[in-house]
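A closer look at the structure
Next come the chains, spelled out residue by residue.
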Amino acid sequence: MRHFILLTLLLLQPLISFAQALDYDHLALLFSNEKFQGTARFNAMGGAFGALGGDISASYSNPASGAVFNHNEFSGSLQSSTRKTNANYYGTTTYNEFTKLNAQQWGAVFVFDNFNQQSPWRKFALGVNYSIQQNFNNNYSVNGNNTANFAIFTTHPEDTNSPQTNYSTSEYQSFTNDTRGLNEVYTFSFSAAYENTLYIGASLNAHSIDFTQDAFLYEDNTDGEGNTLLSDFIQYQSQIGSGVSVGLGIIAKPNRNIRLGLSYQSPVWYYDVQEETNINDADGYNGEIYINADNISPLYQNTPFYNNYNYTLKTPSKVTLSSAFLFNKSGLISMDYSLQNFKNTHLDDNDNSFTNSNKAITSIANDQASTLRIGSEWRAKQWRFRGGYVQQKNILTHQPSSFDTKKYSFGLGFQFKNAKVDLSYEKSDNSELYNFYDASYDFYEKTTKIDAAKLNFKNSQIGLTLTFLL
């Protein structure tokens, strides 16, 4: 198994065991951290629909929302996403920008009136919706030179000198992280309205993960006597998985102006995650390597070994409390508050190989990761004006509160007789630390501290949704 191979390589190669591609504990938390994208109306209002319903995207966050509809509806959405990354490493800042167009949502809801006039159950609704939970597409580079003068590749494998030339003076490092793929969810919901004052619902959700990472490390090192060694190191991994979850929700109308909501989203059980990676390299370099030295003639290139591996993943459940106040037919203000314990993220396989990874998760994950969503909508004849705000706590305990995600959104809508057009604009800002070297090394019998790269992400999304009343 991969874990046994990795352990063997780490024992044989103590000086080159370092973190470049994401390891299992960080992958598990990455896949557990939802950043749900819905219709343009949903996004413009910060996703604060837990007490409102009436939007097909809300069927995932609160399955009771379908019964709020009065008509059958179908919607489809496009979104352009731009991510700007400022990467700082030992005083050098590198700017990167990546743009991607996605069809991030489509769905339909079908409303059935109860023709039994004596029944308090007034209507039922069936819904189906597709949405992107996470967009992994990004590409950025980190450049600089660590002040610890630390280098991974300090010798040439085909150096026949005795002793071998030691290129231990680091001159330059460059790390490029190329990630691709999506985390998607299909929601199938059923909901019912009781006396048009109480709405209940349930959903079955089918999840999929398609994540690929190509991590590139370049080093320029010298021996202090004018000789240079250049190395290119590549780690590749692909994670493809399928999972299921369920949702339960309720919306209450105490009076004509107040709405209250409560919903529960179960853990997502990814019952089959298939991994392909070159990190289990047979020669101990844990990846694909090219090494060239100006005083040694041959170029060294290893033969990568690709490994396939299967495992399971359980993400944390989520509870959401919601409220909304309606100003008659003029407008509304809504709020959702969600809470998740990311320490409950759990990896497993047939050999119980994830003991250390699960311990790492419990030590670095936040057990009180909250998300606050606030939204508002105001009406002027056929026009709709919207705004929203989201504050999401960092899921990692060791990263400062200044790294929390903050998102602002705005939107505009116009309603025709049997159709609606909605636009949204979202802007978010968050930071994180990325160790493409380990935080510390036992290097020549002393501990060398290597700083993580500080990444600041500025994201913007423009969304368009067309809705048809059927």
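What follows concerns the pairing of strand β9 (residues 269-277). Sheet topology places strand β7 (residues 228-252) next to β9; 8 bridges connect them, and they run antiparallel. Across the sheet, the residue bridging to Val244 is Trp269, located in β9. Relative to strand β12 (residues 307-314), β9 is paired through 7 bridges, and the arrangement is antiparallel. Each bridged residue has a counterpart across the sheet, and for Glu276 the counterpart in β12 is Asn308.

All right, on to the pattern of salt bridges then. For the structure shown, the criterion picks out 11 salt bridges. Between Glu195 and Arg122 there is a salt bridge, with the nearest N and O atoms lying 2.7 Å from each other. In this pair, Glu195 is assigned in the loop between β5 (169-194) and β6 (198-222) and Arg122 in strand β3 (residues 121-135), connecting sequence segments 73 residues apart. Ionic pairing is found between Arg180 and Asp178, a salt bridge with its closest N-O pair at 2.9 Å.

This part takes up the environment of Thr228. Inspection of the secondary structure puts Thr228 in strand β7. Note on Thr228: relative accessible area 22%, which makes it partly exposed. With 186 residues separating them in the primary sequence, Thr228 and Phe42 have C-alpha atoms 55 Å apart. Apart from the residues lying within four places of it in its own chain, the contact partners of Thr228 are Tyr167, Asp220, Asn221, Thr222, Asn292, Ala293 and Asp294.

Counted under the stated rule, the structure contains 32 aromatic pairs. Centroid distance Phe36 to Phe42: 5.6 Å. Interplanar angle 75°. Geometry classified as edge-to-face. Of the two residues examined, Phe36 and Phe42, each falls in the buried class. Ring centres of Phe153 and Phe233 lie 5.5 Å apart, and the angle between their planes is 55°; this geometry places the pair in the tilted category. A residue pair is termed long-range when its members are at least 10 positions apart, and Phe153 in the loop between β4 (138-144) and β5 and Phe233 in strand β7 qualify at 80 residues. Pair check on accessibility: Phe153 and Phe233 agree, each one buried. The ring centre of Phe457 lies 5.1 Å from the NZ or CZ of Arg83, which sits over that ring.

Let us now look at helix α2 (residues 24-32). Of all 9 residues in α2, 7 are buried; the element is thus mostly enclosed. Listed as buried for α2 are Tyr24, Asp25, Leu27, Ala28, Leu29, Phe31 and Ser32.

One can describe the packing of α2 onto helix α5 (residues 355-364) by two numbers: an axis separation of 8 Å at closest approach and a directional angle of 60°. Between α2 and α5, the crossing angle belongs to the class labelled oblique. By crossing handedness, the relation of α2 to α5 is classed as right-handed. Of the residues in α5, those touching α2 at Tyr24, Asp25, His26, Ala28 and Leu29 are Ser357, Ala360, Ile361 and Ile364. Within the contact of α2 with α5, the residues separate by chemical class into 6 nonpolar, 2 polar and 1 charged.

Per-residue confidence for the protein gives a mean pLDDT of 90, with 94% of residues at or over 70. Scored below 50 in pLDDT, residues 1-18 shows 39 contacts in the model against residues more than four places distant or in partner chains. For residues 440-446, every residue scores under 50 in pLDDT, and the model assigns this stretch 15 contacts once sequence neighbours within four places are set aside.

What counts and what doesn't
- Residues numbered from 1 in each chain as written.
- Predicted model: local features only at pLDDT ≥ 70, side-chain atom pairs only at ≥ 80, totals over all residues.
- Heavy atoms only, no water.
- Pairing = 2+ DSSP bridges.
- Helix = DSSP H or I, 4+ residues; strand = E, 2+ residues; numbered from the N terminus.
- Salt bridge = Lys/Arg side-chain N within 4 Å of Asp/Glu carboxyl O.
- Buried < 20%, exposed > 50% of the residue type's maximum accessible area, 1.4 Å probe, protein only.
- Contact = heavy atoms within 4.5 Å.
- Phe/Tyr/Trp six-rings, centres within 6.5 Å; stacked < 30°, edge-to-face > 60°.
- Lys NZ or Arg CZ within 6 Å of the ring centre and 35° of its normal.
- Axes fitted to C-alpha atoms, helices over the stretch in contact; angles between N-to-C directions.
- Parallel < 35°, antiparallel > 145°, perpendicular 65-115°, else oblique.
- Left-handed = near helix turned anticlockwise from the far one by under 90°.
- Nonpolar A, V, L, I, M, F, W, Y, C, P; charged D, E, K, R; others polar.
- pLDDT = per-residue confidence, 0-100.

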